[in-house]
Amino acid sequence: MNRPNLDLERLADRHRRMHRIRAFEERAVAALEEGLVLGAIHPSIGQEACAVGTVGSLARDDLLLSTHRGHGHTLEKGASAAAMMRELFGREGGNCGGKGGSMHIADFSVGMLGANGVVGANINIAAGAAHALRLRGERHIVCCIFGDGAINRGPFLEGLNWARVFDLPVLFVCEDNAYAATTRTETMTGGPGPAARAEALGIPAHAVDGNDVDRVAEAATELRERVLAGAGPQFLWAKTWRLTGHTAVDKAAYRDAGEAAARWKDDPIARAAQTLRAHGVGENILSGHREAAVEEMRAAYEEAKAAPWPETAALYADVQDVGDPREAAFRW
Amino acid sequence: MVTTTYMEAGRRALAEEMRRDPTVWALGEDLGRGGVFGQYAGMAEEFGPLRISDAPISEAAILGAAVGAALAGTRPVVEMRFADFALCAVDELVNQAAKARYMFGGQGGVPLVVREPMGMWRSSAAQHSQSLEAWYVHIPGLTVVAPATPGDNLRLLKAAIRSDDPVVYLEHKDLWGIEEELGADEPPGELGSARVVREGSDATVVSWSAMVHNVCEAAGELAEEGISVEVVDLRTLWPWDREAVLASVRRTGRLVVAHEAVLVGGFGAEVAATVSEALFGVLKAPVKRLGAPRVPIPYAKPLEDMLRVGPDAIAAAVRAQLLGPSPG
Ligand SMILES: Cc1ncc(C[n+]2csc(CCOP(=O)(O)OP(=O)(O)O)c2C)c(N)n1
Ligand SMILES: [Mg+2]
């Protein structure tokens, strides 16, 4: 296996971080079954290389817009796993005080401006955030991650065009997991796909094997540099595969079982482990990553489980500055 | 008679209309695999992919295309998955579908149905829980339906499909599983006709959609205290059955309107104002509205529960109308 830029230590670290995402989501799925996670969650199991490769290549002050499938992105941006678990449990101390949940998770303190419950809505918002960075003269970028299904929404065209005509510092990442809910996305997508659409709008596009964490990271790092150098928006198409259902309760029976089994053999974490192993990294280190991640997420789970519900006053907080949100005829 | 869920009733309505009228078809994301909640289960198998059409995640195109297809002689049933996502196609609905018949001087109508599963459901939070029926009632040209029972879902969805105007059809996600015995032959219902769910003489409580069930629970509770409540389910919000409501309030002299939507600017205000204007002299107590405080819907269960207008709040409102405000 000849890999020119192989940096074992760096890959080992990425392997560790992918395990954190996997362990977080496995914990969250188990907690959903226990009734502790309250609302729907969309696991990114099998897509961890995209999160670590792209978001892991951003600077702390870069901004991130994510999707409903954003646990990995959020963790990689630097949000605390315990705060995220609290958020999924709807508890005090969650990143959004328990008011957002998985689909609206955000951590502004690390530049994570929000997951989104509306597919494609983050694209125009990302363009606007990049507009603000430029107005404020800041040398950072906005990273906007969306799925393959999102490219069929209007905001994809509008947001990419906006970023191009105003030459904005955005890295668009299409995390293509082949599915949009139960739909095989290619059956509902005209033309050759995301990259060609970006290029048609004048945005250079690059395709990458989204299950190879080093390749994703190399591409993201280089594109980020180009954005910072003033080349305007860039587009990364990371091809991966959603190994589990659309939501944690979706058994994905509409999929070809044989294909799913084959894809599990291309699990990005296992792939990284294999490379590390082939270069002499010990089994104890590899399993240590897994164990440390599982332990971290077990602790996050325990902390979230013990956390109190939000104060009832939180219901009325942060609606808006003026007017009384209590205006309701509950009481006499 | 067949035990039928609210969800199955919707499926049955669409299937029966599609068998009856070859111009009826449905379009939306994931329909080929039964739709996001399973409301279209088995339908692609029966009707094929042209009439149970998948769609890209393109709400504006889905609704816009339905407008075009309706103008050109078909009857599309649009699935918006969550009422919240219909907001991605507001121009298509409000500027196009609702106005075409009028603007074009009556040359053609837009006979489409937009199915929008609405309402709070298991910590679905701010973008998957909204009740926006009042917005649509405000738009001339739109018919607005919000059924509370399987039978009404069956009969009113049929009526909506047969209607020559655009219908916003709001099914409540919390009702999918409720059951009712339904006949083998259920003709379409009447748009604009309310249902007196329970007769009573002391107060009228008006509601629609899932809230009807909370009102019935409250009415049962109050009956044990000797308070007799008349429960009116509007079923359709435009047109709405003013006569049924006025007739009831004429007898009871008291009105409470309850809805899940935000109180401010909710449709309860329309009902309250209408009754106050028409029956000022008859009212024995001020009209009372119940609705959610004006906050986005939070994820955490205890906070979400605070938004709910439950049977207790409804019963308290009725008691207060009879007895005056309680000291607490
Ligand atoms: C505007 C809008 N339409 C529909 C949905 C329902 N929905 C949620 S996720 C999803 C699939 C999205 O597919 P993709 O963009 O590929 O992201 P993935 O789920 O694969 O990560 C759909 C249709 C939504 N949230 N927003
Ligand atoms: Mg996808």
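Before any of the text, the structure's been laid out above.
Residues numbered from 1 in each chain as written. Chains lettered and ligands numbered in written order. Predicted model: local features only at pLDDT ≥ 70, side-chain atom pairs only at ≥ 80, totals over all residues. Heavy atoms only, no water.

Participant: Would you explain the overall build of chain A in this entry?
Facilitator: Looking only at helices and strands, chain A features 11 helices and seven strands. Computed over C-alpha atoms, the radius of gyration of chain A comes to 20 Å, within 12% of the 20 Å expected from 2.2 N^0.38 for 332 residues, which places it in the range of a compact globule. Dimensions of chain A, computed from the C-alpha atoms along their principal axes, are close to 75 × 50 × 40 Å. In chain A, of all internal contacts separated by at least 6 residues, the share reaching a separation of at least 24 is 75%. (Helix = DSSP H or I, 4+ residues; strand = E, 2+ residues; numbered from the N terminus. Rg over C-alpha atoms; globule rule 2.2 N^0.38 Å. Contact = heavy atoms within 4.5 Å.)

Participant: Whenever I open this one, the packing of helix 7 (residues 211-224) of chain B against helix 11 (residues 311-323) of chain B confuses me. Can you help?
Facilitator: Each pair of packed helices gets described by two things: the angle between the helix axes and the distance between those axes. Residue and element names in this part refer to chain B. Contact geometry of helix 7 with helix 11 gives a least axis separation of 8 Å together with a crossing angle of 55°. Between helix 7 and helix 11, the interaxial angle falls into the category oblique. Classified by chirality, the crossing of helix 11 by helix 7 is right-handed. Residues Met211, Asn214, Val215, Glu217, Ala218, Glu221 and Leu222 of helix 7 form the contact with helix 11, whose participating residues are Pro311, Asp312, Ile314, Ala315, Val318 and Arg319. (Axes fitted to C-alpha atoms, helices over the stretch in contact; angles between N-to-C directions. Parallel < 35°, antiparallel > 145°, perpendicular 65-115°, else oblique. Left-handed = near helix turned anticlockwise from the far one by under 90°.)

Participant: Teacher, can you tell me more about the site of ligand 1 here?
Facilitator: Looking at ligand 1, there are 21 residues lining it, with His68(A), Arg69(A), Gly149(A), Asn177(A) and Glu59(B) nearest. Looking at the residues close to ligand 1, they fall on chains A and B. One of the backbone N or O atoms of Gly149(A) is found 2.7 Å from an oxygen atom in ligand 1. Look at ligand 1: alone it shows 580 Å² of surface, and the protein chains cover 97% of it. Residues of the shell around ligand 1, tallied by class, amount to nine nonpolar, six polar and six charged. (Near = heavy atom within 4 Å. Polar contact = N/O pair within 3.5 Å; in protein donor to acceptor, adjacent residues only side chain to side chain. Areas by Shrake-Rupley, 256 points an atom, 1.4 Å probe, with all protein chains shown as cover. Nonpolar A, V, L, I, M, F, W, Y, C, P; charged D, E, K, R; others polar.)

Participant: I tried to follow the sheet that holds strand 3 (residues 170-176) of chain A on my own but got confused; where do I start?
Facilitator: Pairing between the strands of a sheet comes from backbone hydrogen bonds, and it takes one of two forms, parallel or antiparallel. Residue and element names in this part refer to chain A. With parallel pairing, the five strands of this open sheet are ordered in space as 1-2-3-7-6. With partners counted over all chains shown, the strands left at the sheet margins are strand 1 (63-65) and strand 6 (205-209), one partner each. Neighbouring strand axes in the sheet, compared pairwise and without regard to direction, differ in orientation by 20° on average. Pairing of strand 1 with strand 2 (residues 142-147) involves three bridges; the strand directions are parallel. By the bridge assignment, Leu65 is partnered in strand 2 with Cys144. With respect to the sheet, helix 6 (residues 154-165) is in contact with strand 2, strand 3 and strand 7 (234-239), its orientation differing from that of strand 3 by roughly 150°. (Pairing = 2+ DSSP bridges.)

Participant: Is there a simple way to explain a nonpolar patch on the surface in this structure?
Facilitator: There is a patch of nonpolar side chains on the surface, built from Trp162(A), Val165(A) and Phe166(A) and spanning about 280 Å² of accessible area. The topology assignment puts Val165(A) in helix 6. (Patch = residues over 30% accessible without salt bridge, like charges linked within 9 Å, V, L, I, M, F, W, Y side chains within 5 Å. Salt bridge = Lys/Arg side-chain N within 4 Å of Asp/Glu carboxyl O.)

Participant: Can you walk me through the packing of aromatic side chains in this structure?
Facilitator: What describes a pair of aromatic rings is the distance from one ring centre to the other and the angle between the planes of the rings. One pass over the full model with this rule turns up 15 aromatic pairs over all chains. Summarising the aromatic geometry, the rings of Phe146(A) and Phe235(A) are spaced 6.1 Å apart at their centres and angled 55° between planes, so their arrangement reads as tilted. Within this pair, whereas Phe146(A) is found in strand 2, its partner Phe235(A) is found in strand 7, the two being separated by 89 residues in sequence. Like Phe146(A), the residue Phe235(A) is buried in the burial classification. Plain terms: the ring middles of Phe37(B) and Trp176(B) are 5.4 Å apart, the flat faces sit at 40° to each other, and that makes the pair tilted. (Phe/Tyr/Trp six-rings, centres within 6.5 Å; stacked < 30°, edge-to-face > 60°. Buried < 20%, exposed > 50% of the residue type's maximum accessible area, 1.4 Å probe, protein only.)

Participant: Would you mind going over the packing of helix 4 (residues 81-89) of chain A against helix 11 (residues 283-306) of chain A with me for this structure?
Facilitator: All names here are of chain A. The geometry of helix 4 relative to helix 11 is characterised by a closest axis approach of 8 Å and an angle of 45° between their N-to-C directions. Here helix 4 lies oblique to helix 11, going by the angle between them. Helix-helix and strand crossings are classified by hand; for helix 4 and helix 11 the assignment is right-handed. Of the residues in helix 11, those in contact with Ala81, Ala82, Met85, Arg86 and Phe89 of helix 4 are Glu296, Met297, Ala300, Tyr301, Glu303, Ala304 and Lys305. Among the residues making up the contact of helix 4 with helix 11, the classes are represented as eight nonpolar, no polar and four charged.

Participant: Even after reading the chapter, I still don't get the coordination of the magnesium ion (ligand 2), so can you show me in this structure?
Facilitator: Any two of four tetrahedral donors ideally make an angle of 109.5 degrees at the metal, while pairs among six octahedral donors ideally make 90 or 180 degrees. Residue and element names in this part refer to chain A. Looking at the metal site, the magnesium ion (ligand 2) is ligated by Asp148 (OD), Asn177 (OD1) and Tyr179 (O), spaced 2.0 to 2.1 Å from it. Here the donor residues of the magnesium ion (ligand 2) are spaced in sequence according to D-x28-N-x1-Y. In this structure, Asn177 and Tyr179 share a single accessibility class: buried. (Donors = N, O, S within 2.8 Å, 3.2 Å for Na, K, Ca; no water.)

Participant: Help me understand the pairing of strand 13 (residues 255-262) of chain B, please; the structure alone is not making it clear to me.
Facilitator: Side chains on a regular strand alternate between the two faces of the sheet. Residue and element names in this part refer to chain B. Judged by how many residues are buried, strand 13 sits mostly within the fold: seven of eight residues are covered. Pairing analysis gives three bridges linking strand 10 (residues 203-207) to strand 13, with the strands arranged parallel. Residue pairing across strands places Val206 opposite Val257, the latter belonging to strand 13. Bridge analysis of strand 13 against strand 14 (residues 288-292) gives four bridges, and the strand direction is parallel. Each residue of the ladder has a partner; that of Ala258, found in strand 14, is Leu290.

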